[in-house]
Amino acid sequence: LRHYLLYQFGSSMMVGTSDPATTSSTSRPPSFLRNKAALILMQHILLDVPTDRWPTFLPDLCSHLAQSYPELFLKTCETLLEDFLLGLNQENQLAEQKESIRRVKDILKGYSTTAAATATSTEGSTEPRATPLEQLFGTTVHVLALSLQQSGENGNATTPATKELQVLALETIKAFFMWTELAFLGSEHANRALELLLLGFQPSRPSEVQLAALQAWEEWTTSASMNVGGGSDTSTITSAHDPKLPVMSAVLERLHESNLLPYTGESTVAEIEVVIEVAKLVNLFGLEIAPLRDSTMQQLKEGASNNAPMNGELTILSLFNKILDMFFRGLNYDDIDVSGAVLPLASRLALTMEKEKAESSAQSSSSLTTIAGTNYGLRQHIPQILNIFYRQLKYPEDFDYDFEDDINAEEELYRTELTKLYVKLVTAAPEVCLQFVCEAAGQLLQASSNITLSSLPTPDVEATLSLVFHYCEGVRPAPGVKVMLKNKTFVNLLSAIHNSDIASHPHEQVLCLYYDTAVRYCLFYKDDAHGELLSKLLDSISGSRGLQHAQPMVRSRCSYLFLRLVKSLVALLRPLVETAVHGISSLLTNSELELRPDDTLYLFETIGLLLGKTGLTPLEQQRYLTLVMTPHVQSIKNVLSTPGLSSDVEAYGESLSYSIAAIAYLSKGFAKQPSNEIQQVLIEATNIALEVLRALPVSDAVRNKVMVFLQRMIQSIGDKVLVPMPDFLALLIEHCTGDDILFVAQLINQTSIKFKERAAPAIDAALYPFLLKCDALAKALSASTTVNGSNNSTQSSTPTEIPPHLYTEQLSIQKLAFTVLHHIVMHNVTVVLTSPTNAGNLETTFTIVKEGATVVKDPVIQRTCLKFFRELLEQWGTAA
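Here's a quick rundown of the structure.

Criteria and thresholds
- Residues numbered from 1 in each chain as written.
- Predicted model: local features only at pLDDT ≥ 70, side-chain atom pairs only at ≥ 80, totals over all residues.
- Heavy atoms only, no water.
- Helix = DSSP H or I, 4+ residues; strand = E, 2+ residues; numbered from the N terminus.
- Buried < 20%, exposed > 50% of the residue type's maximum accessible area, 1.4 Å probe, protein only.
- Contact = heavy atoms within 4.5 Å.
- Areas by Shrake-Rupley, 256 points an atom, 1.4 Å probe, with all protein chains shown as cover.
- Axes fitted to C-alpha atoms, helices over the stretch in contact; angles between N-to-C directions.
- Parallel < 35°, antiparallel > 145°, perpendicular 65-115°, else oblique.
- Left-handed = near helix turned anticlockwise from the far one by under 90°.
- Nonpolar A, V, L, I, M, F, W, Y, C, P; charged D, E, K, R; others polar.
- Salt bridge = Lys/Arg side-chain N within 4 Å of Asp/Glu carboxyl O.
- Expected span 1.5 Å × (residues − 1).
- Phe/Tyr/Trp six-rings, centres within 6.5 Å; stacked < 30°, edge-to-face > 60°.
- Lys NZ or Arg CZ within 6 Å of the ring centre and 35° of its normal.
- 1 Å grid on protein atoms, 1.4 Å probe; cavity = no way out; pocket = protein on both sides within 12 Å on 5 of 7 lines; lining within 4 Å.
- Points joined across faces, edges and corners; volume = space filled by probe spheres on them.
- Patch = residues over 30% accessible without salt bridge, like charges linked within 9 Å, V, L, I, M, F, W, Y side chains within 5 Å.
- Core = buried A, V, L, I, M, F, W, Y, C linked by side-chain atoms within 4.5 Å.

### Some remarks on the overall build of the protein
Now for step 1: When you go through the protein residue by residue, the secondary structure sums to 38 helices and two strands.
Now for step 2: Here the protein holds 880 residues, and 52% of them are scored as buried.
Now for step 3: At a minimum sequence separation of 6, the contacts of the protein that also span at least 24 residues come to 74%.
Now for step 4: With the model as given, the accessible surface of the protein reaches about 39,500 Å², and the carbon-plus-sulfur share is 52%.

### Here we look at the packing of helix α21 (residues 458-471) against helix α24 (residues 508-520)
Now for step 1: At their nearest, the axes of α21 and α24 sit 10 Å apart, and the two run at 20° to each other. It follows from the interaxial angle that α21 and α24 lie roughly parallel. When the axes of α21 and α24 are compared, the crossing they make is left-handed. Contacts from T458, V461, E462, L465, S466, V468, F469 and H470 in α21 reach Q509, V510, L513, Y514, D516, T517 and R520 in α24.
Now for step 2: Class assignment of the residues belonging to the contact of α21 with α24 gives a composition of seven nonpolar, five polar and three charged.

### Describing the pattern of salt bridges
Now for step 1: Going through the model one piece at a time under the given rule, you end up with 29 salt bridges.
Now for step 2: For D460, the salt bridge goes to K394, with nearest N and O atoms at 3.2 Å. Here D460 is found in helix α21, whereas its partner K394 is found in the loop between α18 (382-393) and α19 (406-428), with 66 residues between them in sequence.
Now for step 3: Residue classification places K394 among the partly exposed positions, given a relative accessible area of 25%.

### Regarding helix α32 (residues 700-716)
Now for step 1: For α32, with 17 residues, the first-to-last C-alpha span of 24 Å sits near the 24 Å given by 1.5 Å per residue.
Now for step 2: Where α32 is buried, its residues touch α30 (649-667), α31 (676-695), α33 (725-735) and α34 (741-755).
Now for step 3: Downstream of α32 by one or two residues, G718 has phi in the positive range, about 60°.

### Concerning the packing of aromatic side chains
Now for step 1: Under the definition given, this model contains 21 aromatic pairs.
Now for step 2: Ring geometry for F399 versus Y401: centroids 4.9 Å apart, planes at 80°, classification edge-to-face.
Now for step 3: A relative accessible area of 11% places Y401 in the buried class.
Now for step 4: On the basis of an interplanar angle of 65° and a centroid distance of 6.4 Å, the ring pair of F846 and F868 is categorised as edge-to-face. Of the two residues, F846 is situated in helix α37 (residues 842-854) and F868 in helix α38 (residues 859-879); the sequence distance between them amounts to 22 residues.
Now for step 5: Looking at F868, the relative accessible area reads 1%, which means it is buried.
Now for step 6: In this structure an aromatic cluster arises from ring pairing among F846, F868, F869 and W876.
Now for step 7: Stacked on the ring of W220, the Lys or Arg K244 has its end atom at 5.3 Å from the ring centre.

### Observations concerning unusual backbone geometry
Now for step 1: Each neighbour pair has its own omega, and for R476 with P477 the value is 0°, a cis peptide bond.
Now for step 2: Mapping P477 onto the fold places it in the loop between α21 and α22 (480-484).
Now for step 3: Cis rather than trans, the peptide bond between A478 and P479 has omega equal to 0°.
Now for step 4: By the secondary structure assignment, P479 is in the loop between α21 and α22.
Now for step 5: Located in the positive-phi region is K756, a residue other than glycine, with phi close to 55°.
Now for step 6: Along the polypeptide, K756 turns up in the loop between α34 and α35 (760-788).
Now for step 7: Exposure remark for K756: the relative accessible area of 34% places this residue in the partly exposed category.

### Looking at the packing of helix α14 (residues 311-332) against α18
Now for step 1: Their axes nearest at 9 Å, the elements α14 and α18 cross at an angle of 20°. In terms of axis orientation, α14 runs roughly parallel to α18. Along the contact surface, α14 presents F328, L331 and N332, while α18 presents Q384, I385, I388, R391 and Q392.
Now for step 2: Of the residues belonging to the contact of α14 with α18, the class tally is four nonpolar, three polar and one charged.

### Notes on the layout of surface pockets
Now for step 1: What the second largest pocket holds in volume is close to 640 Å³.
Now for step 2: Considering the residues around the second largest pocket, the lining is formed by 22 residues, among which L588, L595, T600, S635 and S659 are closest to the centre.
Now for step 3: No other element matches helix α29 (residues 618-640), which puts five residues into the lining of the second largest pocket.
Now for step 4: Split into classes, the residues belonging to the lining of the second largest pocket amount to eleven nonpolar, nine polar and two charged.

### A short note on a nonpolar patch on the surface
Now for step 1: Judged by side-chain polarity, L1, Y4 and I40 come together as a nonpolar surface patch covering roughly 280 Å² of accessible area.
Now for step 2: Considering the arrangement of structural elements, one finds L1 in the segment before α1 (2-7).
Now for step 3: Judged by relative accessible area, L1 falls into the exposed class, the value being 64%.

### Observations concerning the nonpolar core
Now for step 1: Within the largest apolar cluster, 276 residues are counted, with the highest numbers of intra-cluster contacts made by W217, F327, Y471 and F770.
Now for step 2: Looking at which element gives the most residues to this core, the answer is α35, with twelve residues.

### Concerning empty space enclosed by the protein
Now for step 1: Under the definition given, this model contains two cavities of 30 Å³ or more.
Now for step 2: Here the largest cavity defines a volume of roughly 80 Å³.
Now for step 3: Forming the boundary of the largest cavity are A441, L444, L445, L453, V461, T464, L465, I497 and I502.
Now for step 4: Sorting the residues of the lining of the largest cavity by element identifies α20 (430-447) and α21 as the ones contributing at least two each.
Now for step 5: In the lining of the largest cavity, the residues fall into eight nonpolar, one polar and no charged.
Now for step 6: Quantified by volume, the second largest cavity comes out at close to 50 Å³.
Now for step 7: Taken together, L767, Y768, L771, L833, N838, N841, L842 and T845 form the lining of the second largest cavity.
Now for step 8: For the lining of the second largest cavity, the elements supplying multiple residues, two or more each, are α35 and α37.
Now for step 9: No other element matches the three residues that α35 contributes to the lining of the second largest cavity.
Now for step 10: Counted by class, the lining of the second largest cavity contains five nonpolar, three polar and no charged residues.

Function cannot be inferred from these measures alone, as they are strictly geometric.
Shown next, in the form of structure tokens:
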């Protein structure tokens, strides 16, 4: 099979000329067959070369196959190298396979001598004493050189067959760079390969060849140095004498000459995919050189007064300036994939700028960064970066802001990364960035003197608001909001924005961003001079430009932001309570403006804050609360009276559960012990919640929200919640499942903790049913395992009889029963154990707790059960 693949496979399917460089693509075997053949040859290398069963593998590959069927030779090399790389991450590889790969690697690098390793090609295309790896790499380079030569000096004579061969050769060279250090490839072959790679991305070459060449350059950039003795043994360049530096300079000059990345406009000499790869390469160059550039600058600063800069040091700084030139071209390119490719380098530059800021505190930054009359500092580039950033931050004119669309999502992700860069720039140069923000906003406001701000283009307004909104994130010390509100320039900027008609802008994205900005800097309104601006904002956010906007997205965002605004400024809103409550109430009852359930909860919580935190009298609170609650309660009753309510438990249960949750959210605004007037309203709401639970006790959503509501009522109406509590607990215990029994236990525990001995009447009838429910749910887990498995034993389950995750769940349910009993005795509700309702089950209860202390193999449960008996003995002993 091996002999057939080497000597007959390619020729048996070839038709026409025997010259492999000129053979048409149709005369070769299909690529998928070639790839399978390469895979088989790779397996032969791994199996036969270490055992000397293929002593002529180098001549067979480098002399014969590379000439008769170069595509198969290249694919075999690439497949072998890929297998080496994959083997590094495969933990499930057999020991025999790992050993075979290790031995082949050693043979290729010349560490192990075999008959195959000492054999050389008969053509003399490689040096006789070269390692097998050098011979394979040298042959690959030779194949690429011949193909490029035959396609013409500028690639004008490239045929489909030669293009495929060139791409495959470049990908194979890339694989060599990925797998091994450059030193193992031989300096002569490596230098020749780099010369060919420079030819590979000529503008006249096919775009596929350009892409493959650029991707090979990217791998070369991050590969280890060619300098075996004193060079770097990592991908980071740490020496001014690293041989990579002149090569990088040559690549940058070739990119500059080719104009693959123009200063302005789109590239006219390359496809966009090629331009993206150029930007990626520039980004890698910059990231590799940046640490060396920083260390060089530091050395020059420390010895500036003693020694003149060396040529090597100036070479590094000059090379970095060339990279910066290409970097700015990429950052400014009108394509997010190109611009986004250099953003990692931009972030790296921002970190260096921040260091320069710290170092410039003692003396001017120019004296620290000027070397031999040239300023090599990075902070001087901040205005240029800001200008490019501002332009790129603007969405396209035809952007529809549908972020669920994949293309639009990429635009949003790109601007998220831009914003992160902006925050770093603010940290590095807050004064420069603030000046830029003020100038950008000033241009908009100046333009609005002729026409209103609301009529300016959406991208311009949105980008400027983003500058203002995110500025505080980079201000140090944190929190940046408070720091900036002490800055008179920034406060004047906010005042100018709020005094404009920006709230009348027709685009919902601008509206939401404006409200976001207003709420982020809402402490601005605490100044008495800005009282009118606060009224203006509240009118906008609660009116047709906010909560009552035609777009659901705006209404939803404003519901949340209005809540945040009220939380921050509630002390200032007393004069506006009546207007706000009437407005929100009318919105909640407006069937034409649909609100999401979460938005409704935000609005109810807002009403609670306005009524409970603004200093209203109890009667005023009751009047406004009744105004809100009356239509809300009526809507609940309307749903409860719907025919066939139980036929669609999921839909009706979801609706009613949110209605109950809304009342719970509203109660957050009141003190833990509100006035009697407020308690009367909440007691009526409690009765409504009980009606809902009676109507749909099987609804998980209803049970969940009712328990949340009751926990709030325990804090709000105190002892009055104990009256309906037995009815609530009876329904909750009867219908709860393993998913929500935890919340039932928490409700019983909270009642015991809050009311202590007064809780006895409320939980008396619920105690034993709760213990039985816990036991039933725990046994159900074992029963489900017995049904699904082969275990028919009637004995109690152990960890070995049921899966571990089910056993853990079983223990957690049992733990709830013991915890409830412990809370009962710990908070002096012990009377329920001997009440007429539970006295007959006292022995059973003690048995349950005893087994928890002695049988259950869980230390937490054992400790809880022992505490139960200790507390009980102390109480009963004292009483006796």
